Amino acid sequence: MSVALIFKNKDVHAWHQMLKAKLPDDEIEIYPDIRDKNDVDFIVCWRPAQGIFREFPNLKAVQSVGASVDHILNTQDISKGIQIARIVDQKLSNDMWEYVLTAILSNLKNSNFYGKQQQCRTWHPIEYRASKDILVSVLGMGEIGSYVAQHLSHFGFSVKGWSQSPKNITGVADYCGTKDLAACLEGADFLVNLLPLTKSTRDILNKKNLQNLPKHAVLINVGRGEHLIDNDLIELLDSSFLSGAVLDVFREEPLPQEHPFWTHPKITITPHIASLTDIDNATDQIAENYKLLKNNKVLNNTIILEKAY
């Protein structure tokens, strides 16, 4: 039995060092330097290359080092007997809530506008808005989405939440299923996307759906870049249907230098930093899951393969 670390766009060596400290008696190797792929029964990964799991014939479990698993499911053929687990951490939820709140308040209080004015040495006050007058719709009411929606409600915003199945969250109006999507978007000043990436949610932020928002709404995408049709967003911004967008995730990361998002005056870009995994906490969960696997037990925080979350 052994563990293989397969990482893209993350520093694998920090994870390897911490896991070795927590699993001192176990073999933990960094791909592609694997002594014997037949021994690997547990893969810890972030954005593994297409089809790479086929190299490990005795694989029993896959552990994402983040809260999402779409980077696994969309690139691999997963047998039903393989357990797939993710990281669940309240710090991730709180960090995401703070990011979303910052994005909303920056817009309400015109921070970006004044930043541009300062560069031009222009003094031109404009009216701001208050949280009590704002409706926020949140797409995706999983662990993180529910936390964000409830905290937005506590802060004084009116909040709607949409997901595939009914939820019962205090202070959040519940919408579920395809039939309720348009109603959830209706009237929202801000649309926050926190959906998992599945076949049914890919491209969900398209022109047709976004036009259910009122004019001058703002999109905040902290889900996945594949949720958004880039050209549809640019069209809606250029026509002044939407007033702005805050984007932390993209179809290709890092965002290519030639991408039009970089220079669009109504788009704010951050480099996928809305909510970052705490390595110490995450490796505690990963070490515990490997111990469970060695004892033939069900891992913590596994997903339902058919639902993809």
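See the structure above.
My aim in this report is to walk through the structure given alongside it, one point at a time. A quick note: this is a predicted structure, and the numbers were derived from the prediction, not measured.

## Description of the overall build of the protein chain
Helix and strand counts for the protein chain come out as 9 helices and 12 strands. Taken over C-alpha atoms, the radius of gyration comes to 21 Å for the protein chain, in line with the 19 Å a tight globule of 309 residues would show. Referenced to the eigenvectors of the C-alpha coordinate spread, the extents of the protein chain come out at roughly 65 × 45 × 30 Å. The burial tally for the protein chain puts 51% of its 309 residues in the buried class. In the protein chain, 61% of the contacts between residues at least 6 apart in sequence involve partners at least 24 apart. Per element, the accessible surface of the protein chain, about 15300 Å² overall, is 50% carbon and sulfur. Within the protein chain, the 37 negative side-chain charges are centred at a point lying 4 Å from the centre of the 32 positive side-chain charges.

## Concerning helix α1 (residues 12–22)
Turning to α1, its buried residues number three or more, namely Val12, Trp15 and Leu19. Down the axis of α1, the buried side of the element spans an arc of 65°, and every buried residue falls inside it. Seen from the buried face of α1, the exposed residues on the opposite side, beyond 90 degrees, are His13, Gln17 and Ala21. Capping the start of α1, Asp11 holds a side-chain oxygen 3.2 Å from the backbone nitrogen of His13, two or three residues further along.

## Points about the sheet that holds strand β8 (residues 172–176)
Two modes of strand pairing occur in sheets, parallel and antiparallel, and in both the strands are linked by backbone hydrogen bonds. Spatially, 7 strands are ordered β8-β7-β6-β9-β10-β11-β12 in an open sheet, and the strand pairing comes out parallel. Looking at which strands have only one partner, the edges of the open sheet turn out to be β8 and β12 (267–269). The average undirected angle you get between the axes of adjacent strands in this sheet is 15°. Both strand β11 (residues 242–247) and β12 contribute to a ladder of 3 bridges, which runs parallel. Bridge pairing in β12 links Val246 to Thr268.

What counts and how
Residues numbered from 1 in each chain as written. Predicted model: local features only at pLDDT ≥ 70, side-chain atom pairs only at ≥ 80, totals over all residues. Heavy atoms only, no water. Helix = DSSP H or I, 4+ residues; strand = E, 2+ residues; numbered from the N terminus. Rg over C-alpha atoms; globule rule 2.2 N^0.38 Å. Buried < 20%, exposed > 50% of the residue type's maximum accessible area, 1.4 Å probe, protein only. Contact = heavy atoms within 4.5 Å. Areas by Shrake-Rupley, 256 points an atom, 1.4 Å probe, with all protein chains shown as cover. Lys, Arg positive; Asp, Glu negative; His and termini not counted. Charge placed at Lys NZ, Arg CZ, Asp CG, Glu CD. Arc of directions from axis to C-beta. Polar contact = N/O pair within 3.5 Å; in protein donor to acceptor, adjacent residues only side chain to side chain. Pairing = 2+ DSSP bridges. Axes fitted to C-alpha atoms, helices over the stretch in contact; angles between N-to-C directions.

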